[in-house]
Every structure is written in C-alpha cells, then in structure tokens.
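Structural overview
The chain contents come next:
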Amino acid sequence: MTPDADRFEYLLRLGDNALILSHRLGEWCGHGPALEEDIALSNIALDLLGQAQLWLGLAGEIEGAGRSADDLAYRRDAAAFRNVLLVERPNGDYAHTLMRQFLFDAWHIELIGALAQSSEARICEIAAKAQKEVAYHVERSAELVIALGDGTAESRARMQTALDALWSYTGELFLADPTEQRLAASGVAPAPESLKPAWTRTLEAVLAEATLKTPASAFAHKGGKSGRHTEALGFILAEMQFLPRAYPDARW
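So, here's what we can say about the structure. (Residues numbered from 1 in each chain as written. Predicted model: local features only at pLDDT ≥ 70, side-chain atom pairs only at ≥ 80, totals over all residues. Heavy atoms only, no water.)

What sets the pattern is the α-helix's 3.6 residues per turn: residues three or four places apart point alike. The terminal C-alpha atoms of helix α1 (residues 3–26) lie 34 Å apart, and with 24 residues this matches the ideal 34 Å at 1.5 Å per residue to within 8%. α1 sits mainly inside the fold: 20 of its 24 residues count as buried. (Helix = DSSP H or I, 4+ residues; strand = E, 2+ residues; numbered from the N terminus. Expected span 1.5 Å × (residues − 1). Buried < 20%, exposed > 50% of the residue type's maximum accessible area, 1.4 Å probe, protein only.)

Here it is in structure tokens:
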C-alpha cells in the first residue's frame, strides 16, 4: 500500500472505533440507571462522536475522492468498517457497558498519548485535542468499575461476568497488521503491542482495587480491523444510517 493508503486505512480505524462506541453509548440515552449516569454517558458519546468526525474528516481529505466525514460514516456498508470488535459488543446490562468502556478507555488513553507524538502533524493535532476528553473517560470508567466491583455481592458478580465475557475481545487491540507495522516504522502511529504494558498495569491496579479476577482464558478475536464483524454491527448501521440513506439529499 502507498503511504496515503496506509494513513487512510488507519484513520478509518480510529474514526470507526469512536463512531461505533459513541452509538452504543447513545443507546443508553433516556435509559440510564440514574439521571447523572444518563447525562454522563451521553456526554462521553458526544466526545467520541466529535473525535470520529475529526478522524473521518481527515481520512476523507487524504483519500482525495471527495468523501466527507458524513459520507464515510453513513454511506459505507459493514464490511468497509475497520473498528475493533470490542466496541461493537452489545450494551447488555450496565455492568457490561461500564466494563466495555473501561477496557477500551485504558487502551485508548495510551493510544491517544502516543498519537500526540506522531510524525504526522494533523494526527498529532487531533490526538492532542482529544487527550483531556480521553483522560476523563478512563478516570470515570475506572472509578465505576472499582465502586461496583468492590460494592455489593450482586454488583461484583455482574462486573466479573462482564469482564469474563469481554476479555477475549481485548486481544485484538494489540495485534499489528502490515499497515500498522509500516506506520509504526515511519513514526505515524505506535506499534499496537507497545501499548500493552501500560494498559496491563492500569488493568491490574483497577481490577485489584475492584476485587475482580483477571480471566484465565487466552486472548482470541482478531476480527474488526480486517473487516470481519459480528452481526451486531449490522444492527448498529441499520439504526445509524437509516435517515441519511433514506433521505440522502436532506439538509438540517
């Protein structure tokens, strides 16, 4: 692949992760267990949506085919999305949503920090802009994992069940393909495996305080980045893309 093709592919991954997770969190709007939680999750969803717009907007510029961030978000089919499988996972109960968020946030803060040192000026700029938001996200999700894990027997059991169910999806976060290897060699993006030590330290500290046990099962899935998704993405896109596809010339 050419350098531009590599950057386009990578920016799709960054944008798709933020976009799909934003939509998942948005599904809680009006349904949160408490008003404060409802508002907080909606605000995080909006943070991620803003990040998705920046990443996908830059991807469209680099592609040079006249596609905007909206085009890339609303006019691609599931096979063209490049997000990791973790962000597709259904919300489930609130424990699943919070655990999914924490596992992602602990990785995302390391990724964004590394991208803020990118040799690519525009990537560096967007990452630097997102750092405060992502720092808040991981702080909040870690606090809630601790509070519920070290809470009642019921809340702890639900958090452990969520961790066990989501654990295998985290392996994909640290697997590199040739695109990421080339970008890492040129200083545009970090090598995925380089993010794992700090992520592991964060998890170990938070899970210990939450009295939760790290699952013994090995990492599994490699799916999302190579275009292999669960049927969950199809449902997400059916909701997210309905209006733009039904009324492609609509203006708000």
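Having seen the structure, we can now continue with the description.
Here the phi dihedral of T211 falls at roughly 55°; this positive angle occurs in a residue that is not glycine. Following the sequence through the fold, T211 ends up in the loop between α8 (196–209) and α9 (231–240). A relative accessible area of 33% means that T211 is categorised as partly exposed.

To continue, consider the side chain of D16. Tracing the sequence through the fold places D16 in helix α1. In terms of polar contacts, D16 uses its side chain to reach the side chain of R76, at 2.6 Å. If we skip the residues at most four places from it in the chain, D16 touches L56, R76, A80, F81, R82 and N83. (Polar contact = N/O pair within 3.5 Å; in protein donor to acceptor, adjacent residues only side chain to side chain. Contact = heavy atoms within 4.5 Å.)

In the structure shown here, the tally under the stated rule is three aromatic pairs. Each member of the aromatic cluster is reached from another via a ring pair, and the members are W167, F174 and W199. Sitting over the ring of F81, R76 keeps its end group 4.1 Å from the ring centre. (Phe/Tyr/Trp six-rings, centres within 6.5 Å; stacked < 30°, edge-to-face > 60°. Lys NZ or Arg CZ within 6 Å of the ring centre and 35° of its normal.)

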